[in-house]
Amino acid sequence: AVQNNDKIGVILFTDNIEKFIPPKKGKSHILRIIRELINFEPESKGTDLNEALRFFNNVTKKRSIAFLISDLMDDQSYEKALKIASRKHDLVALVATDIAEKEIPDLGVIPIKDTETGKLMWVDTSNKKVRHHLKSKYMEQLKQTELLLRKSGIDYTHLHTNMSYVKPLMQLFKKRGAKR
């Protein structure tokens, strides 16, 4: 982006817009964004993708390439705002996925805390049916998310927390380059 002299901006969000850095050009602006990302401490633990996408749609008037980096696991409906954003802009989703949510190991009875609500739940991970249920619930939500992205015409890739992000990003950019 710096080499192309492109403008870059950032919206950091939880269930609120936590920080908005309007798009600008230049190395000093990029360094500011990097500094903000490194030092960012969210005030909230919730997620509201609908609010973030609505904010993006309202503040970004010119067509742009936008990257949505999230696990996209939001109970609230963000489908309409996502479709509007994908029609107005070239929206690319980088879906953060955690292997621990997909493959829960047999650890016996463990506390699992919902980081957004703070609710603590005790789960018997030694029970194969419980592990299978949690995995199938996660996989179903992931499948629904991918379906929504495809229906909305959004290119996406998964960035796994236990693997390098380089290969999935390179594959995504090659796929996008082949389309043009």
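Treat the numbers as computed from the prediction; the structure is a model and nothing was measured.

Caption draft 1: Structural view of the pairing of strand β5 (residues 109-113). Summarising the sheet, β5 and strand β6 (residues 120-124) pair through five bridges and their orientation is antiparallel. By the bridge assignment for β6, Lys-113 is matched with Leu-120. From the end of β5 to the start of β6, which pair antiparallel, there are six residues, and Gly-118 there has a positive phi angle of about 80°.

Caption draft 2: Representation of helix α2 (residues 49-59) within the structure. Residues of α2 that are buried: Leu-49, Ala-52, Leu-53, Phe-56 and Asn-57. Projected onto a plane normal to the axis of α2, the buried residues spread over an arc of 135° and lie on a single side. Buried residues along α2 sit in contact with β1 (8-13), β2 (17-24), β3 (65-70) and α3 (79-88). Capping the start of α2, Asp-48 holds a side-chain oxygen 3.2 Å from the backbone nitrogen of Asn-50, two or three residues further along.

Caption draft 3: Fine view of the sheet that holds strand β7 (residues 155-160). Read from one edge to the other, the open sheet built from three strands follows the order β3-β4-β7, with strand pairing classed as parallel. Two strands close off the open sheet at either side, each with one partner strand: β3 and β7. On average, each strand axis in the sheet is tilted by 20° relative to the strand beside it, whichever way the strands run. Here β3 pairs with strand β4 (residues 90-97) via six bridges, running parallel.

Caption draft 4: Expanded view of unusual backbone geometry. Located in the positive-phi region is Asn-5, a residue other than glycine, with phi close to 60°. Even without being a glycine, Leu-72 presents a positive backbone phi close to 60°. Position of Leu-72 among the secondary structure elements: in the loop between β3 and α3. A relative accessible area of 3% places Leu-72 in the buried class.

Caption draft 5: Spotlight on a nonpolar patch on the surface. On the surface, Ile-65, Phe-67, Ile-69 and Phe-173 cluster together into a nonpolar patch covering about 420 Å² of accessible area. The element best represented in the nonpolar patch is β3, accounting for three residues. Structurally, Phe-173 can be placed in helix α6 (residues 166-179).

Caption draft 6: Local environment of the packing of aromatic side chains. Within this structure, the stated rule accounts for two aromatic pairs. Judged by centre distance (5.2 Å) and plane angle (80°), the ring pair of Phe-20 and Phe-55 falls under edge-to-face. Remark: Phe-55 occurs in helix α2 and Phe-20 occurs in strand β2; sequence separation between them is 35 residues. Residue Phe-20 is classed as partly exposed on the basis of its relative accessible area of 32%. Taken together, a centroid distance of 6.3 Å and an interplanar angle of 85° make the contact between Phe-67 and Phe-173 edge-to-face. Of this pair, Phe-67 sits in strand β3 while Phe-173 sits in helix α6, and the two are 106 residues apart along the sequence.

Rules and cut-offs
- Residues numbered from 1 in each chain as written.
- Predicted model: local features only at pLDDT ≥ 70, side-chain atom pairs only at ≥ 80, totals over all residues.
- Heavy atoms only, no water.
- Pairing = 2+ DSSP bridges.
- Helix = DSSP H or I, 4+ residues; strand = E, 2+ residues; numbered from the N terminus.
- Buried < 20%, exposed > 50% of the residue type's maximum accessible area, 1.4 Å probe, protein only.
- Arc of directions from axis to C-beta.
- Contact = heavy atoms within 4.5 Å.
- Polar contact = N/O pair within 3.5 Å; in protein donor to acceptor, adjacent residues only side chain to side chain.
- Axes fitted to C-alpha atoms, helices over the stretch in contact; angles between N-to-C directions.
- Patch = residues over 30% accessible without salt bridge, like charges linked within 9 Å, V, L, I, M, F, W, Y side chains within 5 Å.
- Areas by Shrake-Rupley, 256 points an atom, 1.4 Å probe, with all protein chains shown as cover.
- Salt bridge = Lys/Arg side-chain N within 4 Å of Asp/Glu carboxyl O.
- Phe/Tyr/Trp six-rings, centres within 6.5 Å; stacked < 30°, edge-to-face > 60°.

These values are about where atoms sit, not about what they do.
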